[in-house]
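Spelled out from the first residue to the last, the chains are:
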Number of protein chains: 2
Amino acid sequence: MQYFSYLDESALDRIHEASLEILEDVGLLVRNKKARDRFAEHGAAVDETNERVRIPADVVMRYLALVPPTITLRGRDPKFDVTFPRKLPVVATASSAPDIVDPVTGLTRRATSQDIARLGHVVNELDGFDVFSISVLADDAPEGHFNLSRFYPALKNCLKPVRTSVVSVDEARQILKLGELIAGSPEAFWERPFINFGYCSIVTPLTMDFDSTENLMFFAENGVTAYGTVAPIGGINTPLSLPGMMVMVNAEWLATMCLAQMSRERTELIYNFLPVFADLRDGAYAPGAIEVGMMNSIVCQMARRYNVPAGGYLGLTNSKVSDAQAGYEKGMSPLLGALSGVDFIVMGGLLDALMSLDFGQLAIDNEIAKMVKVVRAGVEFSEEALAIDDIKRIGPAGIFADAPMTLENMTTATFMPELADRKLRETWEEQGASTIHQRALNKSMAILTRQPNPAALTPEADARIKAHFPGIVAGDSSLPDGWVPAETGPTAPVRARRQSRRRNAPG
Amino acid sequence: MQYFSYLDESALDRIHEASLEILEDVGLLVRNKKARDRFAEHGAAVDETNERVRIPADVVMRYLALVPPTITLRGRDPKFDVTFPRKLPVVATASSAPDIVDPVTGLTRRATSQDIARLGHVVNELDGFDVFSISVLADDAPEGHFNLSRFYPALKNCLKPVRTSVVSVDEARQILKLGELIAGSPEAFWERPFINFGYCSIVTPLTMDFDSTENLMFFAENGVTAYGTVAPIGGINTPLSLPGMMVMVNAEWLATMCLAQMSRERTELIYNFLPVFADLRDGAYAPGAIEVGMMNSIVCQMARRYNVPAGGYLGLTNSKVSDAQAGYEKGMSPLLGALSGVDFIVMGGLLDALMSLDFGQLAIDNEIAKMVKVVRAGVEFSEEALAIDDIKRIGPAGIFADAPMTLENMTTATFMPELADRKLRETWEEQGASTIHQRALNKSMAILTRQPNPAALTPEADARIKAHFPGIVAGDSSLPDGWVPAETGPTAPVRARRQSRRRNAPG
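Note that the coordinates shown come from a computational prediction; the quantities given were computed from them, not determined experimentally. (Residues numbered from 1 in each chain as written. Chains lettered and ligands numbered in written order. Predicted model: local features only at pLDDT ≥ 70, side-chain atom pairs only at ≥ 80, totals over all residues. Heavy atoms only, no water.)

Remarks on the overall build of chain A
As a reminder of what qualifies: A run of DSSP states H or I qualifies as a helix once it reaches four residues; a run of E qualifies as a strand once it reaches two. Both are numbered from the N-terminal end. All radius of gyration figures rest on C-alpha atoms, and the globule criterion is 2.2 Å times the number of residues raised to 0.38. Each residue's exposure class comes from its accessible area (1.4 Å probe, protein chains only) as a fraction of the maximum for that residue type: buried when under 20%, exposed when over 50%, partly exposed otherwise. Note on contacts: a residue pair is in contact if any heavy atoms of the two residues lie within 4.5 Å. Accessible surface area values rest on a Shrake-Rupley calculation with a 1.4 Å probe, where residue burial reflects the displayed protein chains alone.
Within chain A, the secondary structure is distributed over 18 helices and 21 strands. A compact globule built from 507 residues would reach a C-alpha radius of gyration of about 23 Å, and chain A, at 24 Å, matches this within 12%. In terms of principal-axis extent, the alpha carbons of chain A reach across some 80 × 60 × 50 Å. Out of the 507 residues belonging to chain A, those deemed buried represent 68%. For chain A, the proportion of contacts with a sequence separation of at least 24, taken over those separated by at least 6, is 75%. Total accessible area computed for chain A in this model is approximately 15,800 Å², and 50% of it derives from carbon and sulfur atoms.

What to know about the sheet that holds strand E3 (residues 52-54) of chain B
Test applied: Here, a strand pair is defined by DSSP locating no fewer than two bridges between the strands.
One open sheet holds the four strands; their spatial order is E2-E3-E1-E12 (chain B), and the pairing between them is mixed. Among the strands making up the open sheet, the edge pair consists of strand E2 (45-47) and strand E12 (207-208) of chain B.

A look at the sheet that holds strand E16 (residues 276-279) of chain B
One key point about sheets: their strands pair by backbone hydrogen bonds, in either a parallel or an antiparallel sense. Residues and elements named next belong to chain B. Taken in spatial order, the three strands of this open sheet run E14-E16-E17, and their pairing is mixed. For this open sheet the edge positions go to strand E14 (233-234) and strand E17 (284-285), each flanked by a neighbour on one side alone. Pairing between E16 and E17: two bridges, direction antiparallel. Opposite Asp 279, over in E17, you have Ala 284 as the bridge partner.

Some remarks on the relation of the copies chain B and chain A
The criterion, for reference: The copies are overlaid by a least-squares fit using only the C-alpha atoms of residues whose pLDDT is at least 70 in both copies.
Rotating chain B by 180 degrees and moving it 0.0 Å along the rotation axis overlays it on chain A with an RMSD of 0.0 Å. Such a turn and shift between the copies fits a two-fold axis. Same-surface contact between copies: 100% of interface residues of chain B are shared with the interface of chain A.

What to know about the packing of aromatic side chains
All names here are of chain A. Put simply, the test is: Any pair of Phe, Tyr and Trp rings, taking the six-membered ring for Trp, is counted once the centres come within 6.5 Å. Such a pair is stacked with planes under 30 degrees apart, edge-to-face with planes over 60 apart, and tilted for the rest.
Counted under the stated rule, the structure contains 26 aromatic pairs over all chains. Between Phe 189 and Trp 190, the ring centres sit 5.1 Å apart and the planes meet at 85 degrees, which makes this aromatic pair edge-to-face. With relative accessibility at 0%, the residue Phe 189 sits in the buried group. A relative accessible area of 32% means that Trp 190 is categorised as partly exposed. The rings of Phe 151, Phe 197, Tyr 199, Phe 218 and Phe 219 are connected pair by pair, giving a single aromatic cluster.

With respect to the interface of chain B and chain A
Test applied: For any pair of parts, buried area is found by adding up, for both, the accessible area (1.4 Å probe) each one loses once the two are put together. Salt-bridge detection follows one rule: a side-chain nitrogen of Lys or Arg within 4 Å of a carboxyl oxygen of Asp or Glu. Polar contact criterion, stated in full: a pair of N or O atoms within 3.5 Å, where within protein one must be able to donate a hydrogen and the other to accept it, and residues adjacent in sequence count only if both atoms are side-chain atoms.
Contact with chain B, which involves 156 residues of that partner, is made by 156 residues of chain A. Of the roughly 13,000 Å² buried at the junction of chain B and chain A (both faces included), carbon and sulfur atoms supply 66%. For the pair chain B and chain A, the interface holds 12 salt bridges. Salt-bridge contacts for Lys 392 of chain B lead to Glu 21 of chain A; the nearest nitrogen and oxygen are separated by 2.5 Å. Linking chain B to chain A there are 40 residue pairs in polar contact (both at pLDDT 80 or more). Considering every element that reaches the side of chain B that touches chain A, the biggest residue donor is helix H11 (residues 324-339) of chain B, with 10 residues.

Quick word on helix H3 (residues 57-64) of chain A
Residues separated by three or four positions in an α-helix point in the same direction, a consequence of the helix having 3.6 residues per turn. Residue and element names in this part refer to chain A. Rules: Of all possible arcs, the one meant is that of the directions from the helix axis to the C-beta atoms.
Residues Val 59, Val 60, Tyr 63 and Leu 64 constitute the buried set of H3. Down the axis of H3, the sector holding all buried residues measures 130 degrees, keeping them to one side. Check the buried side of H3 and you find it contacts helix H1 (9-25), helix H9 (242-263) and helix H10 (290-306).

What about the pattern of salt bridges?
Any two side chains of opposite charge can pair, on the condition that their charged atoms come close. Taken as a whole, this structure holds 66 salt bridges over all chains when the rule is applied. We note a salt bridge from Glu 125 of chain A to Arg 450 of chain A, for which the minimum N-O separation is 2.8 Å. Taken as a pair, Glu 125 of chain A in helix H4 (residues 113-125) and Arg 450 of chain A in the loop between helix H17 (436-449) and helix H18 (459-468) lie far apart in primary sequence, 325 residues in all. A salt bridge links Lys 373 of chain A to Asp 130 of chain A; the nearest nitrogen and oxygen atoms lie 2.8 Å apart. Of this pair, Lys 373 of chain A sits in helix H12 (residues 359-377) while Asp 130 of chain A sits in the loop between H4 and strand E9 (132-133), and the two are 243 residues apart along the sequence. Each member of the pair, Lys 373 of chain A together with Asp 130 of chain A, is buried. Taken together, the shared-partner salt bridges in this structure form one network comprising Lys 320 and Asp 352 of chain A together with Asp 421, Arg 425 and Glu 429 of chain B.

Describing the nonpolar core
What counts is decided by this rule: The definition of a nonpolar core used throughout is a set of buried Ala, Val, Leu, Ile, Met, Phe, Trp, Tyr and Cys residues joined through side-chain atoms within 4.5 Å.
Within the largest apolar cluster, 335 residues are counted, with the highest numbers of intra-cluster contacts made by Ile 55 of chain A together with Ile 55 of chain B. Beyond its immediate sequence surroundings of up to four residues, Ile 55 of chain B is in contact with Leu 23, Glu 24, Leu 28, Phe 39, Ala 44, Val 60, Ala 255 and Cys 258 of chain B.

Looking at the pairing of strand E11 (residues 195-200) of chain A
All names here are of chain A. Most of E11 sits out of view: five of its six residues are buried. Two elements, strand E10 (residues 162-164) and E11, share three bridges in a ladder whose sense is parallel. Across the sheet, the residue bridging to Arg 163 is Asn 196, located in E11.

Comments concerning the confidence of the model for chain A
If pLDDT is low for a region, its predicted coordinates should not be looked at in detail. Residue and element names in this part refer to chain A. Our working definition: Each residue carries a pLDDT score, the predictor's own confidence in it, on a scale running from 0 to 100.
Taken over all residues, the pLDDT of chain A has a mean of 94, while the share at 70 or more is 96%. Across residues 489-506 the pLDDT falls below 50, and counting only partners more than four positions away or on other chains, this stretch makes 69 contacts in the model. Reported confidences for the modelled complex are a pTM of 0.96 and an ipTM of 0.95.

Description of the packing of helix H4 (residues 113-125) of chain B against helix H5 (residues 148-157) of chain B
All names here are of chain B. The following threshold applies: Axis lines are fitted through C-alpha atoms, for helices just across the contact stretch, and the angle between N-to-C directions can take any value from 0 to 180 degrees. Handedness of each helix crossing follows the sense of rotation of the near helix against the far helix: counterclockwise by less than a right angle gives left-handed, clockwise gives right-handed. Under the convention adopted here, Pro, Cys and the residues Ala, Val, Leu, Ile, Met, Phe, Trp and Tyr are nonpolar, Asp, Glu, Lys and Arg are charged, and Gly plus all remaining residues are polar.
One way to put it is that H4 packs onto H5 with a least axis distance of 8 Å and a crossing angle of 30 degrees. For the element pair H4 and H5, the recorded crossing hand is right-handed. Judged by residue contacts, Ser 113, Ile 116, Ala 117, Gly 120, His 121 and Asn 124 of H4 engage Ser 149, Arg 150, Pro 153, Ala 154 and Asn 157 from H5. Among the residues making up the contact of H4 with H5, the classes are represented as four nonpolar, six polar and one charged.

Considerations on the state of the cysteines
Residue and element names in this part refer to chain B. Using the following cut-off: Our working definition of a disulfide is a cysteine sulfur pair at a distance within 2.5 Å.
Taken as a whole and assessed by the stated rule, the structure comprises zero disulfides over all chains. Free of any disulfide, Cys 258 has its nearest cysteine sulfur in Cys 200, 19 Å distant. According to the relative accessible area criterion, Cys 258 is buried, its value standing at 0%.

So, the side chain of Asp 390 of chain A
Residues and elements named next belong to chain A. Structurally, the position occupied by Asp 390 is in helix H14 (residues 388-394). Residue Asp 390 is classed as buried on the basis of its relative accessible area, which comes to 14%. A polar side-chain atom of Asp 390 sits 3.0 Å from a polar atom in the side chain of Arg 393. Filtering out sequence-adjacent residues up to four positions away, Asp 390 remains in contact with Gly 395, Phe 400, Ala 403 and Met 405.

Looking at helix H2 (residues 33-41) of chain B
Residues and elements named next belong to chain B. All of the buried residues along H2 are Ala 35, Arg 36, Arg 38 and Phe 39. What you see down the axis of H2 is that its buried residues fit within an arc of 160 degrees, all on one side. The N-cap of H2, judged by a side-chain oxygen 3.0 Å from the amide nitrogen of Lys 34 a few residues on, is Asn 32. Gly 43, located one to two residues past H2, shows a positive phi value of around 105 degrees.

Structural data, given as structure tokens:
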């Protein structure tokens, strides 16, 4: 398999050199004194009068050489541990929307910790997702439990690697304590820490703020699995060109990489971005734009040059509803990334530019994720696959439906979607003329009706947590009694009647 | 730009050799005596007792060397003439669905010649489409005017290259006569023939029937622009594996290529396929499957090996309605083809596995086509694009919104969609909470309200045609008085109310 790529080696070299030049000549504004001191101790030039840190190229290159080529994310169940790069991209749900489309009322509202519990339950069983990046915020979080109210219901209901961000080191310690309580002891947790943190590691352009920089150092010093995401907005805080944005964000990633390696050598990282351009007709934030996929393709090239895992937010949409726009925006950019060799895709469940999550869209994105993996699994080429003997034996005007190869591989040779409709129109109409969103919502809800969640924490672990964190949210994935999924009516043409002339050939 | 590819050179060689072996050892069933004689006269071994034609490898290679590396499709207006391969893929609408979603009632019904007139008018103005492949049949065609009732309204309303199939040579002559009447004289038409024919050139497996083979020879002998499409169904009439299907369809394409070159050397061709696998859970025809894109990727590799333009049907969907499934199925396979280097994409407007056309989906697919072209246009890499001086000048915590580069390129640096929603939720709700399908249908209808169609034939040309073909259909693109577009109601979550917390960062 030869990956798609936009740039030749000399262009990659030029971006790399330009980034080094920025780091050395302009440097970064670093708002954290401990970080400035750490940079200074490890060879950077620090100007305390304006909090500016300039990093010489040889310092950058020395630390870049220390970055491990792989990263491991661990689940509560070790069978979900994943080390990448691997052949198939690792796919996570997308994270941290404030809102959710209520699966019962169909109304968009603030998300809660119970939504997170339900999401954990569903994501645990959606086999296209490898990682549960906690998809919403918890509006019902008690004081002092902002992200605890997210991690707890997530970890309680999902055995896969769970991640989201924290706002401070104190909060990180709280979450890690949660992990220790789940594992039964600090030793058991730290033997295989099944929590990972993703966070915005830098403020574009070229600014390290206090808290996220403090987090970065804390994670690295303590061997906590974590990775930053650089999230620029082209035309606002980077140049309005793909190469210009790449110079900027590459410099920024290199700077955070340096600080992580200075804090602890051989800290695992991901070369991870959310590279969005503004739509400058009205300044709209456009994560559904095709340029996000194009930028990710360049990201993959740079990551391979640096021999670190390539990742990014893809498959986001600006659409507020699961319509055809949501479909193509969610399908195209992950595919572009996958064909460019991306190792880690954050893509599932969100609508409205990271503002809301939809349980139906989550199941649709799971199916898209599986297709993206099929594409990357590739084409198995062998003499047997060529089937020359079958072609000769069956001959002109023959039929392959009962050939041994067909019978043996009939459900494995091609991807077998669960939600995509392939029925005859008559059958589809008789069965209710549904959209994929309706079927997908039903799938998510069917998972939730299987109560209690077999992945849930043991009562003992749960009791330890509740005793340690008084007032912690309930974290259960149950549904209201007598619930029915939200009505999501088909559009008008769906209801139409017709007679069929089966089948059409390309004319 | 480095294209994506699945196979290495040795695998391509093996497919090529296996196809030659099939042609030489098994051969084809050729139901057309004239074709068998032509094959025999040009070095093939013909067995008249069973109508079998076996083509030695050296004969295949001799004719393969004659295939021109480019093909030209001409429009009624020369500004739409297109020769490819070119940098960007050439995109055509998809063709020949029996049904249409009525834009006024929203009901799916048999398509008519007036629908074709309207489609021609709309496609003429949708700038993502380079070619109008006549998207529906004409249920109102008078006796003897089956495809005349398609070509006439199409050519009358569209200046771009127009194509579809014909069932017989007599019909082809009728359509070419139409072209001569439009051009004003046979000489004027044949100077730049603005009609092209696409047709199923072979019946998989390995069978040439009478009519399409007669057409193939007629087109080649007379220098008519035409290309065949091989349309297998994997697991039914080819082996159930991608390489096995490729061996079969490559052999079939080579056979039709030979007959075309034997009929007239240096006949222009496209290496063009609709490679669909059956969903063997229930035998469903699945042109929306991701494997169609994967096969197209291999098709592109073989086409480059043979130095002929690569084409195919992509962006088809099994969905009956313009939902998220239609969106991702229509976005993903054209992108896979584009990243693999495809030259010609047939993709616009159809739903339900080539069974129906929808005016809204047509405009959505136009926007997808434009994104696919943006992806192929690539990333402009230059010192200016790197914007190093801007990054240095603006510095940490600065703003790029008023940089000269931003102001200069604000509407050209990224793709500016017309139909994709990027609004704030509040604005979108105030403006009606529409789906992209509603906006797209309105766009198509807005084009149709601009009457008369400025692309329409001159009254003189039209009078010539009506005089020559008494009883010919009207071919006008007008809409009923007082029409309003079909109601296509948003799904329930669209109507929800919420308060917004702008903007979310990746957490």
